[in-house]
Each structure stands twice: as C-alpha cells, then as structure tokens.
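Observations on chain architecture
If you want the building blocks of each chain, they are given just below.
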Amino acid sequence: MSGLLRASVTAVLGPTNTGKTHLAVERMCGHASGMIGFPLRLLAREVYDRVVAIKGEAQVALITGEEKIVPATARYFLCTAESMPDDREVAFVAIDEGQVGADPERGHVFTGRMLHSRGYAETMILGSETLRPLIKRLLPDAEIVTRPRFSTLSYAPPKKLSRLPKRTVIVAFTAAEVYALAEMLRRHKGGAAVVMGSLSPRTRNAQVAMFQSGEVDYLVATDAIGMGLNMDIAHVAFASLGKFDGKRHRRLTTSEMAQIAGRAGRYQKDGTFGVVQLGQQAAQTFEDEEIEAIEQHRFKPLTQLVWRNERLDMNTLPRLIASLEERPRQHELVRADDPIDFAVLKSLAGDPDVVERAHGRARIARLWAACGLPDYRKTGVEQHARLVARVFRHLSEGNGLLPSSWVAAEVAQLDHVTGDIATLSGRIAAARTWTYIAHRPGWLEDAAGWADRTRALEDRLSDALHRGLTQRFVDRRTAVLLKDLKVRGGEQRVAIDADGALSVEDEVIGTLEGFRFTADPLARAGERKLLLAAAERHLPRELARRAEALIASDDTAFAMAFDGGMPPRLLWNGARVAKLRAGRDALNPRIELDRALETVPAPERARVAERLAAWFAVAREKHLAGLARVVALHPNLTPAARGLGVMLVEHMGCMARETVNAQVEALTRADRKALLGAGVRLGVQHVFVADLLRPEPTRWRLALWAVAAGVETLPAPPPAGRVAIEVDPAVLPAFYGVAGFWIVGPQAVRVDMVDRLARAMHGVRAGRAPFVPDANSVASVGMSHDGFARLMRALGYRLRLVDGAAAFAWGGVKAPQPRDVAYNVSPSSPFAALAGMTPRASASHMKGR
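What you see is a predicted model; the values in this text were computed from it and never measured.

Here is what the cut-offs are and how they apply
Residues numbered from 1 in each chain as written. Predicted model: local features only at pLDDT ≥ 70, side-chain atom pairs only at ≥ 80, totals over all residues. Heavy atoms only, no water. Helix = DSSP H or I, 4+ residues; strand = E, 2+ residues; numbered from the N terminus. Buried < 20%, exposed > 50% of the residue type's maximum accessible area, 1.4 Å probe, protein only. Contact = heavy atoms within 4.5 Å. Areas by Shrake-Rupley, 256 points an atom, 1.4 Å probe, with all protein chains shown as cover. Phe/Tyr/Trp six-rings, centres within 6.5 Å; stacked < 30°, edge-to-face > 60°. Axes fitted to C-alpha atoms, helices over the stretch in contact; angles between N-to-C directions. Parallel < 35°, antiparallel > 145°, perpendicular 65-115°, else oblique. Left-handed = near helix turned anticlockwise from the far one by under 90°. Nonpolar A, V, L, I, M, F, W, Y, C, P; charged D, E, K, R; others polar. Core = buried A, V, L, I, M, F, W, Y, C linked by side-chain atoms within 4.5 Å. Pairing = 2+ DSSP bridges.

The helix and strand inventory of the chain stands at 29 helices and 35 strands. Put simply, the chain has 849 residues, and 51% of those count as buried. The long-range share in the chain, meaning contacts at least 24 apart out of those at least 6 apart in sequence, stands at 67%. Surface accessibility of the chain: about 39100 Å² in total, with carbon and sulfur atoms responsible for 52%.

Below you can see the structure in the form of structure tokens.
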C-alpha cells in the first residue's frame, strides 16, 4: 500500500454534507479490494457496518487501535488513519478528512498517509477545500474534484436556550460547560444527549442514538461533533466562539467554525447556525465576514501540513530521536511539535534503566511501539511515561510478554460500574488503554482472550456511563410530556394501572384516585404544570367512564368518611367524590360534588349527584333508624310526646332530661309505651335512643350535627367499646352530648351506662342509709375510684366512711341552676328556631319530614 506509486490520485474536496465519504465507499466497493482511513474509531465502525451489509462479514475488516476484526478472507479494510496496515496491497485507498494533516498532534499521520499510501488502481483524498493549494503543490499529478454542499447552511440570530428549535446541537468547549448546558436543557426541555471526545465510542453512539430516535430533541457536544458524525441536526448553536487549544485560549478559526456549523442540515435538508444567549450576558456573535465565509464555504487555504519523518533509524536510541527531529525539505511541510509519543520517548531517554535495556534494533523498535500507547487518560507526559516505562520493562525481559497477573490486577481494579460520570469516564479511559495493549502483536499471552475481556469491560463501563448521563441529563418524563403537548389525536399511549398510577408513554405522571388526579409529588415545581396539562389532556374520557361506573355501582361501593375532619366526605370505592354541607336541617345535608368532577360533563355530574343522594338516603335510614322511628311516631300522641320527639331528633337522639322535664312529666302511659317502642329511653339523667349509641350511628350523628352546626374542627368520634373517655377542654361540650356522653369532671361517661348505674344504685339503697356498691357496678362505667366517686356525687350520692370503707348515701339531687348546658340551643344554632316552637308546631315540623 505504501510507496509513491503512480496510480490515479483524486482529491475530492468540499464542505461538510457533500457526500464525500459516501462516494469513497461506493468507489471502494467497485474495486476488488480497498482500504479507507478515518479520523475517528466510531466513523470506521459506522462505515464498517455499511460495507458489511454490502459485501458480507467474511470480506470486510475493521482495524483500530482498540478493535480488530480481520477475517482471513477480508478484502476491504476500514481503519483509523493510525492503524492502516502498510503490508496490504489493495486496489483502492482513501484518506478521510485530509485537512486533519494540519493538526499539531495527529497531523503527521494524515500527512504521511496522503503522501505515501496508495491503492494500485485508485487513491482518493477526501477533505476540505482549504487543502487545494497544498494538494496542487505536494501532489501535482492529483486530479482535484470539488463537490457542492447538498443543502444550504445559513446564519440565524442569537437565541435564548429556551427558544432554541428542536433538533439543535449546542456546542461548548469544556466538560463543565457541556454539563451545565445539559442540566439547563433538562429543566427547560426535558433533557439532552451529551457527546464529548472523552466518551468511549459505545457511550457516544448510545447518546447519539437517543438524539436520532427523538427521545431527546437536543444534544450538547464539544467540538468532537464537528468531524464525521452524521445526524439529523437542524440548528447548531455555539455557546462560545473560543477555546483553549492546549497552549492558549483563542477564537475559533473560520474553518473550525464551519466544520462544526456544517453538522446542521444533512443531505438535502437545510440547516442553520448561530449562538445561544445564556442568562443576561450578551451572547458572543459571529463577525459579518465569518458568517459570509461559512455560508459561502470560502476559507483561507492551509499553508502547511504537519510532517514527521517516517524513515526512522532504529540502530540506537539517540539516532532514533535524531531521525524523529529531522525537518522537512519542503516549505509546505512543517515538523510536528512533540506529539505525546515522541515526548514520552524523550522523557524515557533520561531513564538509565530504559537506556540500558534499549539496545539493538529490535529492542529500540519495541520501545518506540510502547511509546505509541495513547494517553487515553489524559494524564500528561510525565505520568504517562511511567506507565510506558513499566510496559517496556516487561517487554524487554523474560519471555518478552506482559505478565498476565499484572494485567489481570490492573483490569480488575477497573471492573466497577458504580460512581459518578467523571469516575466512570476515567475507568473507561483506563480500560481503553488495556484494550489497545491487548491488540498489540506479541505483547500478551492469549492476546485474543484479553482483547475480548477488556472490550467487555469497556462495554460494561460505557453502558453504565450512558445510564449515568441519561439519568443526570435526561428527564424522560418531561420530554414525553413536552412532546405530548404537540401530539394531536391522542396518539400517545396512556395507561392507568390497578393502583391508579397514570402513565403517558410508560412514564408515570401521577395517580388517579377516584376522580382526583394527584401529580407525582417528586416532580419539580416547573414540571408540575406539564403533569397537570397532560392529565387535563388525557383524563376526560377516563373520568366520563368512571362517572358511568359510579352511577351503576351498588350501595356497597359507597361510604361516608368522618374521623373528626371537616367536612365529612362521601367515598366511592375508597376515593372521595363529594362532601356534606349544611342543608335544610341536620338530617338533610346538601351533597357537594368534589371539584375533581368539574371536568365531567354536566349531565353525568347531575346523575352522579342523584346516585350519591339515593345512597345517602338509604345509608342514613340504616344507621339512624332510631331517629327515623322517632320521626314516625303516631301523630295521635299527646303534644308533650310529639314535642319531646321533635327535640330528641334535633338533639340527634340524646339530651339531658332536665331540659325536657316538663314534657316528660306530661307524658301519658300511651306516650311512654309508644316512645319505648321507638327505642327511646327516659333515663334518670338523659333521654336517648339506645341503639343510636353504637359506634357507627354515633359517627353518623356527629358528622350530621357538625355539618348543620357549622363546626369547623372536631376530634375523632369516641373509640368503639369505650364507656368513659377523657374530656378535652378545647372541644365543644356539645360534641360529648351528641356523642352520647355525660361530662363528669375531667371525664365523660356514656349515658346508657350512667342510667344503668343510677337504676342499679336505686335498687340497692335503703333510704338514706350508706351502702357499698358492688365491684361490678364500679367496673361497668370504666372509671377510677375517684372518677366513680365524682359520678356518684353527680347522681345525688355522698361519700361516707363506714368502718373505714368507702360507702355512699343518698343525699338527693340539687335543683338545677341556670347554666349553659351542652344541649341549650344558642341563637346561632340551626336548631334556634325550635326554641319557641309549641308542641303542635313541633309535631307539624316532624310530620313535614
């Protein structure tokens, strides 16, 4: 392949997006054999896959510093420029991106390939128009073909980050800037892919695939984007127009700007370029001359290519260094500054151990090969030289191979997929070093096995890095929701799982409980608007379906939730759908639908309200049957009995007897029998409906009373089974009365237990003689001895000591003094109108129910 062969040489020059690489692939496949050298490993891999599809795996080879796929029958070779084999004679040779020959670090490789690598039938040099003068002078026999750009590239004014169009690449020149921009895009646009030169090809390809597939609409990259990455890019936005080139910070050259901007608009799609304005700072701008040059593809031609002597003298170490320092004879060529391999060689030339080992052509050749180990870790000459020195020491002693134990230990240290982005990037760089070593002939025993092992390690680390970049810089949910806002016709996949989780395109945006949507609580403030917008877009159909399901549900699907919190809620399958508000009276509250049903069409909402009202009426009759029986008392009862019934209903089934003594004393035998049949108990201290004191009726009575009375806060209803509870001074006394409890000092006792105790004590006392209550009586009210004594005193008994034992003697109940009792009707109460009712009016009111 090498040598100044007099075969056809064609230089195909032009800007980006002119199809130069495509042309070279077509030409190569038309020959019996061929080879193309690329500037990037991932470009070689991309074209390798294309040629395999055309020629088949058996005829195509891939050769890079870290990967070798060379079938025995291979005729077509896709390589990085540094890895192009010199011992293969092929019909066709092409060098891609020839203008890299001006690069201070790698330029000598491309210059050497352009000057010396030839196909015996055809040779092509692909590159920028800036190469034209140098091609004419260095290769005067070469034919130069200019190819026009397929699409138009034009300048667009500066835009804020939030205003950038979809399919935009933002270019920055440091990792810190790339990460900061990606973070901002995550917040504003749902995320971005990231491409940097330090990423492994596998990670870079995975990030590019996210952009190409539309999973994200933005990509942040360093100037690594400027070479050979063919993507669907509409706009290239520069975050900066200057960079540090390793020696100084400088403004990009116009050709560098064009190389990057040219990524926009591929094939026949036009593209734009410009700058992005970040925050309040003024955006850097292109000069008018730069804009014109980029749009017209007119740039200053290159005046020199970087060159290095390829005729190396391996006889001694000083002569090798001298041959590398030789200068070119043509003024179009300039000797390269010391690239990393030469810098490492000169550093090792000062190491006595290395000098002692570096004798003879074979040893010196092996030292130079070791110096060619790339510094993937970017550690610098001094540190990288230490690694190269150790490699050379192993290669120059014993069997001339690197010890497997050392390589295994170094590789094992890297085999961890945890850590942040910087840590994973560092491990990948180190893994690439060992992958490169594994592909050097004669360096390792079982080189193929080590190549597979290090490649697998690099792949695992690359996959972990891709996941890390995606987790940090891509908010897939936000990206999906932003896309969802633009999709018409409900094309997005929407699902609701059994737990109520609502997802759009498999991204959970919140939960739907009944009719109420709750956005994901972990969402950021800015993201919540998107979640709610998505819910509003997709939920109406589901809410309408749920409304029909509610209407068709049987009564077991409904319940009333009340644990003291106001207002009481009506539930459907455990989800709140309505609340109770004050109505015309306590037993007939108003049902107010939950706001979550506002998006349900009005006719369906009305039917939902009707269904809830029907259930409520049935449930009220079930749980408050005792009140229903009182309401239904025969109208032929005396006015006293009817008036007592009205007051009992208004007091929700329980009231102090002292407030209705007059009515009780006026009851006839028939009245008492009717009231007893309705479940009414005329107790010693209270008048109450016994079966309403059970837990569930008590909960309902408290809920309806609180709604009618306009109470804002209440404690939870008394626990089931408790007959005595502690009194909270901050709670309305009426709460205990409605609950069926009598306040006695710091405790309250259930009224039926009070009545039972009073009747029991009346049965055992003999006049005013002291007596000792039995233990069962004390235990029945669930109070301490002091509490029991207070209760007995409230019932009219006085504590006496008989033979040192506590006894009680009847002392009589004092006449009631005017005071605020739990059941007095205040002017603000919904029952205030009853205070002046006559028995006839009360009976009329009851009948109206």
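What follows is about the packing of aromatic side chains. Evaluated as defined, the whole model comprises twelve aromatic pairs. Ring centres 5.9 Å apart and planes at 80° place the aromatic pair Phe 788 and Phe 808 in the edge-to-face group. Placement of the pair is Phe 788 in helix α28 (residues 785-794) and Phe 808 in strand β35 (residues 805-810), with a sequence separation of 20 residues. Of the two residues, Phe 788 and Phe 808, neither departs from the other in class, the shared state being buried. Residues Tyr 797 and Trp 810 carry aromatic rings whose centres are separated by 5.1 Å and whose planes lie at 70° to one another, so their mutual orientation is edge-to-face.

The geometry of helix α9 (residues 317-324) relative to helix α12 (residues 361-371) is characterised by a closest axis approach of 10 Å and an angle of 50° between their N-to-C directions. Between α9 and α12, the crossing angle belongs to the class labelled oblique. As α9 runs across α12, the sense of the crossing is right-handed. Residues Leu 317, Leu 320 and Leu 324 of α9 form the contact with α12, whose participating residues are Ile 364, Leu 367 and Trp 368. Classifying every residue of the contact of α9 with α12 gives six nonpolar, no polar and no charged.

Turning next to the nonpolar core. Phe 515, Val 680, Val 687 and Trp 705 are the most contacted members of the largest nonpolar core, which totals 72 residues. Excluding anything up to four places from it in sequence, Val 687 contacts Leu 644, Leu 648, Gly 653, Cys 654, Met 655, Arg 657, Val 660, Val 664, Val 680, Arg 681 and Leu 682. Counting residues in each nonpolar core, the second largest holds 67 residues, with Val 194, Met 314, Leu 395 and Trp 450 among its members.

Here we take up the environment of Gly 197. Inspection of the secondary structure assignment puts Gly 197 in the loop between β12 (193-195) and α6 (201-213). Taking the C-alpha atoms as reference, Gly 197 lies 8.7 Å from Ala 221; in sequence the two are 24 residues apart.

Moving on, we come to the packing of helix α19 (residues 602-623) against helix α24 (residues 695-709). As a packed pair, α19 and α24 sit with axes 9 Å apart at the nearest point and diverge in direction by 125°. Considering their axes alone, α19 and α24 lie oblique with respect to each other. Regarding α19 and α24, the two cross each other, and that crossing is left-handed. Only Glu 696, Pro 697, Trp 700 and Leu 704 of α24 make contact with α19, whose side of the interface consists of Trp 615, Phe 616, Ala 619, Arg 620 and His 623. Per-class residue counts for the contact of α19 with α24 are six nonpolar, one polar and two charged.

A cis geometry characterises the amide bond from Met 566 onward to Pro 567, with omega recorded as -5°. Inspection of the secondary structure puts Pro 567 in the loop between β24 (558-561) and β25 (569-572). Backbone geometry places Lys 378, a non-glycine residue, at a positive phi of 55°. Relative to the helices and strands, Lys 378 is located in the loop between α12 and α13 (381-395).

For the rest of this paragraph, the subject is the sheet that holds β24. In spatial order, the strands read β24-β25-β26-β27; together these four strands make up an open sheet with antiparallel pairing. At either margin of the open sheet sits one strand with a lone partner, and together these are β24 and β27 (588-593). On average, each strand axis in the sheet is inclined to that of its neighbour by 35°, with strand direction left out of account. With respect to the sheet, α19 is in contact with β24, β25, β26 (575-585) and β27, its orientation differing from that of β27 by roughly 145°.

We now examine the sheet that holds strand β28 (residues 654-656). If you trace the three strands from one edge of the open sheet to the other, you get β28-β30-β29, paired in antiparallel fashion. Each end of this open sheet is capped by a strand with a single partner; those strands are β28 and β29 (680-682). The mean inter-strand angle of the sheet, taken between neighbouring strand axes irrespective of direction, is 10°. Sheet topology note: the β28/strand β30 (residues 686-689) ladder contains three bridges and is antiparallel. Paired with Cys 654 across the two strands is Phe 688, which belongs to β30. Helix α26 (residues 751-764) contacts β28, β29 and β30 of the sheet and is inclined by roughly 125° relative to β30.

Attention shifts here to the pairing of strand β11 (residues 168-171). Burial along β11 is two-sided: the residues Thr 168 and Ile 170 and Val 169 and Val 171 are all buried. The pairing of β11 with strand β13 (residues 218-221) spans four bridges and is parallel. Each residue of the ladder has a partner; that of Val 171, found in β13, is Ala 221. In this sheet, strand β14 (residues 235-238) lies alongside β11 in parallel orientation, the contact comprising four bridges. Residue Val 171 lies in a different strand from β14, and its bridge partner there is Phe 238.

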